[in-house]
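Chains, contacts and geometry: an overview
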Amino acid sequence: PPQCNVCSTKTNWKSILDGIMNAYMQASFEILLSIYNPNIYDINLTSASGAFMHDGIEFGTFSIDSALLKSQSISDDIVQVTFAPSGEQAYVMMTEYFQQELNFTVNTRLSASLPSLFNASLSTAINNIFVDLSSYDTQDETDKHLCNCK
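Starting from 1, residues in each chain are numbered consecutively following that chain's sequence as written. Thresholds applied to this predicted model are a pLDDT of at least 70 for local features of residues and 80 or more for the giving and counting of side-chain atom pairs; totals over whole chains, interfaces and linings are not thresholded and use all residues. Side-chain metrics in this entry use all non-hydrogen atoms of the structure; hydrogen atoms and water are not considered.

Let's talk about the overall build of the protein
Helix numbering and strand numbering both begin at the N terminus, where a helix is a DSSP run of H or I of at least 4 residues and a strand a DSSP run of E of at least 2. Secondary structure summary: the protein contains two helices and eight strands in total. Listing every helix and strand of the protein by position from the N terminus yields β-α-β-β-β-β-β-α-β-β. Exposure classes here rest on a 1.4 Å probe applied to the protein chains alone. A residue is buried below 20% of its type maximum, exposed above 50%, and partly exposed in between. Taking all 150 residues of the protein together, the buried fraction comes to 37%. The contact rule is simple, with two residues in contact once any of their heavy atoms fall within 4.5 Å. For the protein, restricting intrachain contacts to residue pairs at least 6 apart in sequence, the fraction spanning at least 24 positions comes to 71%. Every accessible area reported is derived by Shrake-Rupley at a probe size of 1.4 Å, with residue values counting cover from the shown protein chains alone. Entry remark: accessible area of the protein is about 8,700 Å², with carbon and sulfur atoms responsible for 53%.

Now the structure itself:
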């Protein structure tokens, strides 16, 4: 299956949460994503979107533009992210962040086709991807082996 690395050099969670807490109830930003397609077939990613959930309540969404993932190569794409928690939810998330207890889940929906296989299409959902920010390091030591920006 394809592999992904988030290549943005930093996601300033404190700044995002501070902005939301200070009456800016929505924060939008972009994340650079590198996707490796190890398959011998090109994959046409026709749609990719999802939701960020905290304590079972949606607080944000994301989407990725259509992209052709060439076989055995790395493709870069931009993820459009919007966070818009309620005031109470933002307060709880900020409190958890400062207590180093913040975590959330991500639910995704993906659709793709395989051009060299008569455009055979597939759709899938990947839910409850756990994101743990309790040990988030501002030095950003996440895996970036696919990224050109290391």
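Text resumes after the structure shown.
With respect to the nonpolar core
Core analysis: the biggest nonpolar cluster contains 24 residues, and Phe52, Val79 and Val81 have the highest contact counts within it. Those residues in contact with Val81 that lie beyond four places of it in its chain are Ala27, Ser28, Phe29, Ile31, Phe52, Thr61 and Phe62. Here the nonpolar core consists of buried residues drawn from Ala, Val, Leu, Ile, Met, Phe, Trp, Tyr and Cys, with membership extended through side-chain atoms lying within 4.5 Å.

So, the pattern of salt bridges
Just to be clear on terms, a salt bridge is a Lys or Arg side-chain nitrogen sitting within 4 Å of an Asp or Glu carboxyl oxygen. Throughout the structure, instances matching the rule amount to one salt bridge. The residue Lys70 makes a salt bridge to Asp42 at a minimum N-O spacing of 3.4 Å. Note that Lys70 is positioned in the loop between β5 (67-69) and β6 (73-83) and Asp42 in the loop between β2 (27-37) and β3 (43-54), a separation of 28 residues in sequence. Since its relative accessible area comes to 43%, Lys70 is described here as partly exposed.

A short note on unusual backbone geometry
Non-glycine residue Asp55 carries a positive phi angle of around 50°. In this fold, Asp55 is placed in the loop between β3 and β4 (57-64). Unusually for a residue other than glycine, Asn128 sits at a positive phi of about 60°. Mapped onto the secondary structure, Asn128 falls in strand β8 (residues 120-132). Residue class for Asn128 comes out exposed when judged on its relative accessible area of 58%.

Overview of a nonpolar patch on the surface
Patch building starts from residues that exceed 30% relative accessible area and form no salt bridge, then joins like charges within 9 Å and nonpolar side chains (Val, Leu, Ile, Met, Phe, Trp, Tyr) within 5 Å. A grouping of Ile40, Tyr41 and Leu117 is seen on the molecular surface, where their side chains present a nonpolar patch of about 280 Å² in accessible area. If you trace the backbone, Leu117 turns up in the loop between β7 (103-114) and β8. The exposure class of Leu117 is partly exposed, given its relative accessible area of 34%.

Remarks on the pairing of β6
For two strands to be treated as a pair, DSSP must find at least two bridges joining them. Inspection of the sheet shows β2 paired to β6 by eleven bridges, in the antiparallel sense. Paired with Phe29 across the strands is Val81, a residue of β6.

In short, shape yes, function no, at least from these values alone.
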